[in-house]
Amino acid sequence: MRTDTFPAPATVSEQAQDWLALDQGELTYPALDDTAGWLALAEEANRSTARRFPVAELPVTVEDLDVDGVTVYAARPDGVGNAADEPVFLWMHPGGLVVGGGDACRLTTARTASGTGLLVWGVDYRLPPRHPYPAGLDDALAVYRHLLRDHDPSRVFVGGDSAGGNIAAALLLRAKDAGLPMPAALVLNTPQVDLTESGDTFRTLAGVDNVLRSLRVPNALYAAGADLREPYLSPVLGDLTGFPPTFLRSGTRDLFLSNTVRMHRRLRDAGVAAELHVFEAMPHAGFGGDSPEDREAVAEQRRFLGRHGATAPEMEDA
């Protein structure tokens, strides 16, 4: 077993060691033309997320919005007031560009709001097989345009986890090409920014990451025949000049470690203020969410956002 070949090191917390002892198993994907199979896979994955992260247990209120035809979940932490110039964190959910929408997006948006202490707009962007690229990216751009109509760019923050990091980074490329202003800052947590999977750790960490395997099949489904080297599909290959300050996080067992460090270097080469956080033995997406390392990662992200102006107003006393 992989957990025997790569035992958890003593350098991480007990919770992290327990997580590393789990074998998440291999995923079998449907054929690319099996629409029913992909929809069934997404439904089961989203149910699993709902079971893991019950939103009722979080100190957050979630409102379902229709933003220019796109479903958005607006999650407000308890105690965070509503002000005209309050910061908004525009967030893109994970899920390999094929799952994570609907109730799963609502729940992960609520967790993000709880962790950041900010009003979070989680974009329930459209997904394949019914809505391949560029439908999801179009949705993200539509919501970003809407936010800019009502908010100064200095009060808008953009981010995403894993597949959401792909959408978030591609969104800024699209926005820049459209002449739109950049947001105040960008957050990319273990981002899926290279759909060609050409980085070193796609080989060196294959089988070491106990959470994630190659996503070549979902990538092909999402791209729907488009060249995976297109920057809107693989943002690490795009022109990152003019991007806002960026936070990047990964781990030494994360299959997407190469994605993250390459994106960091590309941003630095483009003159962008980018900071990289790599956690010991962390696989893709962390240690399940409740380890000391996970809490430290959330705190680092929150400090980064705060340094760039993301300070939420307190709720006024009744």
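First, a word on what this report is: a plain description of the structure on this page.

Scoring rules and cut-offs
- Residues numbered from 1 in each chain as written.
- Predicted model: local features only at pLDDT ≥ 70, side-chain atom pairs only at ≥ 80, totals over all residues.
- Heavy atoms only, no water.
- Helix = DSSP H or I, 4+ residues; strand = E, 2+ residues; numbered from the N terminus.
- Rg over C-alpha atoms; globule rule 2.2 N^0.38 Å.
- Buried < 20%, exposed > 50% of the residue type's maximum accessible area, 1.4 Å probe, protein only.
- Contact = heavy atoms within 4.5 Å.
- Areas by Shrake-Rupley, 256 points an atom, 1.4 Å probe, with all protein chains shown as cover.
- Lys, Arg positive; Asp, Glu negative; His and termini not counted.
- Charge placed at Lys NZ, Arg CZ, Asp CG, Glu CD.
- Axes fitted to C-alpha atoms, helices over the stretch in contact; angles between N-to-C directions.
- Parallel < 35°, antiparallel > 145°, perpendicular 65-115°, else oblique.
- Nonpolar A, V, L, I, M, F, W, Y, C, P; charged D, E, K, R; others polar.
- Phe/Tyr/Trp six-rings, centres within 6.5 Å; stacked < 30°, edge-to-face > 60°.
- Lys NZ or Arg CZ within 6 Å of the ring centre and 35° of its normal.
- Salt bridge = Lys/Arg side-chain N within 4 Å of Asp/Glu carboxyl O.
- Pairing = 2+ DSSP bridges.
- Right-handed = clockwise from strand over helix to strand, strands pointing away.
- Core = buried A, V, L, I, M, F, W, Y, C linked by side-chain atoms within 4.5 Å.

### So, the overall build of the chain
Point 1. Within the chain one finds 10 helices and eight strands.
Point 2. Against the 2.2 N^0.38 benchmark of 20 Å for 318 residues, the chain shows a C-alpha radius of gyration of 18 Å, consistent with a compact globule.
Point 3. In terms of overall dimensions, the chain has a C-alpha envelope of 55 × 45 × 40 Å along the principal axes.
Point 4. When burial is assessed residue by residue, the chain has 55% of its 318 residues classed as buried.
Point 5. Partitioning the intrachain contacts of the chain with sequence separation of at least 6 by distance along the chain shows that 78% fall at a separation of at least 24.
Point 6. Element-wise, carbon and sulfur atoms account for 50% of the exposed surface of the chain, whose accessible area totals about 13,300 Å².
Point 7. Between the centroid of the 28 positive side chains of the chain and the centroid of its 44 negative side chains there is a distance of 4 Å.

### Overview of the packing of helix α4 (residues 103–116) against helix α10 (residues 292–307)
Point 1. Interaxial distance between α4 and α10 falls to 9 Å at its minimum, and their mutual angle equals 70 degrees. Here α4 lies roughly perpendicular to α10, going by the angle between them. Residues Ser114, Gly115 and Thr116 of α4 touch α10, and the partners they reach there are Val298, Gln301, Arg302 and Leu305.
Point 2. When the residues that make up the contact of α4 with α10 are grouped by side-chain class, the tally is two nonpolar, four polar and one charged.

### Focus: the packing of aromatic side chains
Point 1. A full pass over the atoms with the stated rule returns four aromatic pairs.
Point 2. Residues Phe247 and Phe304 carry aromatic rings whose centres are separated by 5.5 Å and whose planes lie at 45 degrees to one another, so their mutual orientation is tilted. Of this pair, Phe247 sits in strand β7 (residues 246–251) while Phe304 sits in helix α10; the two residues are 57 residues apart in sequence, bridging distant segments of the chain. Each of the two residues, Phe247 as well as Phe304, counts as buried.
Point 3. Taking the ring centre of Tyr232 as reference, the NZ or CZ of Arg174 above it sits at 5.8 Å.

### Some points on the pattern of salt bridges
Think of it this way: side chains of opposite charge can pair up when their charged atoms draw near.
Point 1. Tallied over the entire structure, the rule returns 15 salt bridges.
Point 2. The partner of Glu44 in a salt bridge is Arg47, and the shortest N-O contact between them spans 2.6 Å. Placement of the pair is Glu44 and Arg47 together in helix α3 (residues 35–52), with a separation of three residues, close to one helical turn.
Point 3. Here Glu44 falls in the partly exposed class, since its relative accessible area comes to 35%.
Point 4. On the basis of relative accessibility, which here comes to 38%, the residue Arg47 falls in the partly exposed class.
Point 5. Where Arg76 meets Glu86, a salt bridge forms, and the shortest distance between an N and an O atom there is 2.9 Å. Here the residue Arg76 occupies a position in strand β2 (residues 70–77), and Glu86 occupies one in the loop between β2 and β3 (88–92), the gap between them amounting to 10 residues. Here Arg76 matches Glu86 in class, with each residue buried.

### Examining the pairing of strand β8 (residues 274–279)
Point 1. Two strands pair when backbone bridges link them, and β7 and β8 are joined in this way by six bridges, in the parallel orientation. Bridging across to β8, Phe247 finds its partner in Glu275.
Point 2. Since β7 and β8 lie parallel, the crossover through helix α9 (residues 257–269) that links them has a hand, and here it is right-handed.

### Remarks on the nonpolar core
Point 1. Counting residues in hydrophobic clusters, the biggest one holds 49 residues, and the most contacted among them are Leu90, Met92, Trp121, Tyr144, Leu171 and Met263.
Point 2. Examining the composition of this core, we find that nine residues originate from one element, helix α6 (residues 163–177), more than from any other.
Point 3. Aside from chain neighbours lying at most four places away, what touches Leu90 is Trp121, Val123, Val143, Tyr144, Leu147, Phe157, Val158, Gly159 and Leu171.
Point 4. Ranked by size, the runner-up nonpolar core spans 19 residues in total, among them Val80, Ala110, Val120 and Leu305.

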